[in-house]
Amino acid sequence: MYTYKTRGTCSSAINFDIEGDIVKNVRFVGGCRGNTVGVARLCEGRTIDDVIACCKGIPCRGDTSCPDQLARALEAYKAQQAGA
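As the structure is a prediction and not an experimental result, all values here were calculated from the model.

What follows concerns the pattern of salt bridges. In this structure the tally under the stated criterion is three salt bridges. For Arg-72, the salt bridge identified is with Asp-68, shortest N-O distance 2.8 Å. Here the residue Arg-72 and the residue Asp-68 both occupy positions in helix H3 (residues 66-83), the gap between them amounting to four residues, near one helical turn. Take Arg-72: its relative accessible area is 33%, and that puts it in the partly exposed class.

Here you go:
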């Protein structure tokens, strides 16, 4: 399980698993439940790059959102894996 601490959103963290290149078990901590559950379900089973392409840059309050934070979390995960 990978945990990413969000910034600038109602959610405080995002937990997820990656199997190969597939996003699994996405769970937002806090946030607007309907929206975060919806985003999580839509991302399940998609590739990391697909989710980043769909979610990156979506604004809510300010210059980020829960979907955008998920994209940033996945980018951080990829960077961590590249450096490992």
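And the narrative resumes.
Two faces make up the sheet, and in a regular strand the side chains alternate between them. By the criterion of burial, strand S2 (residues 11-19) is predominantly enclosed, with seven of the nine residues buried. Here strand S1 (residues 2-5) runs beside S2; their pairing, made up of four bridges, is antiparallel. Note on S2: the bridge partner recorded for Lys-5 is Ala-13. In textbook terms, the turn of a hairpin is the stretch between consecutive antiparallel strands, and for S1 and S2 this stretch comprises five residues, one of which, Gly-8, has a positive phi near 80 degrees. With antiparallel pairing between neighbouring strands as the criterion, S2 and strand S3 (residues 22-30) make up a hairpin whose turn holds two residues, including Gly-20 at a positive phi of roughly 70 degrees.

In the structure shown here, the tally under the stated rule is three aromatic pairs. Seen in terms of ring centroids, Tyr-2 and Phe-16 are 5.0 Å apart; in terms of plane orientation they differ by 45 degrees. Their pairing is tilted. Linking Tyr-2 in strand S1 with Phe-16 in strand S2, this pair joins segments that are 14 residues apart in sequence. We classify Phe-16 as buried; its relative accessible area is 0%. Centroid distance Phe-16 to Tyr-77: 6.2 Å. Interplanar angle 70 degrees. Geometry classified as edge-to-face. With a gap of 61 residues between them, Phe-16 in strand S2 and Tyr-77 in helix H3 connect regions that are remote in the sequence. Classification of Tyr-77 by relative accessible area gives buried; the value is 15%.

Moving on to the side chain of Thr-6. Mapped onto the elements, Thr-6 comes out in the loop between S1 and S2. Polar side-chain contacts of Thr-6 include one of 3.4 Å to the side chain of Thr-9. In this structure Thr-6 touches Ser-11, Ser-12, Ala-13, Ile-14 and Gln-69, once residues within four positions along its chain are discounted.

With a phi close to 50 degrees, Asn-25 is a non-glycine residue in the positive phi region. The residue Asn-25 is located in strand S3 in this model. Residue class for Asn-25 comes out partly exposed when judged on its relative accessible area of 32%.

Procedures and definitions
Residues numbered from 1 in each chain as written. Predicted model: local features only at pLDDT ≥ 70, side-chain atom pairs only at ≥ 80, totals over all residues. Heavy atoms only, no water. Salt bridge = Lys/Arg side-chain N within 4 Å of Asp/Glu carboxyl O. Helix = DSSP H or I, 4+ residues; strand = E, 2+ residues; numbered from the N terminus. Buried < 20%, exposed > 50% of the residue type's maximum accessible area, 1.4 Å probe, protein only. Pairing = 2+ DSSP bridges. Phe/Tyr/Trp six-rings, centres within 6.5 Å; stacked < 30°, edge-to-face > 60°. Polar contact = N/O pair within 3.5 Å; in protein donor to acceptor, adjacent residues only side chain to side chain. Contact = heavy atoms within 4.5 Å.

Read these as layout, nothing more, since geometry by itself doesn't imply function.
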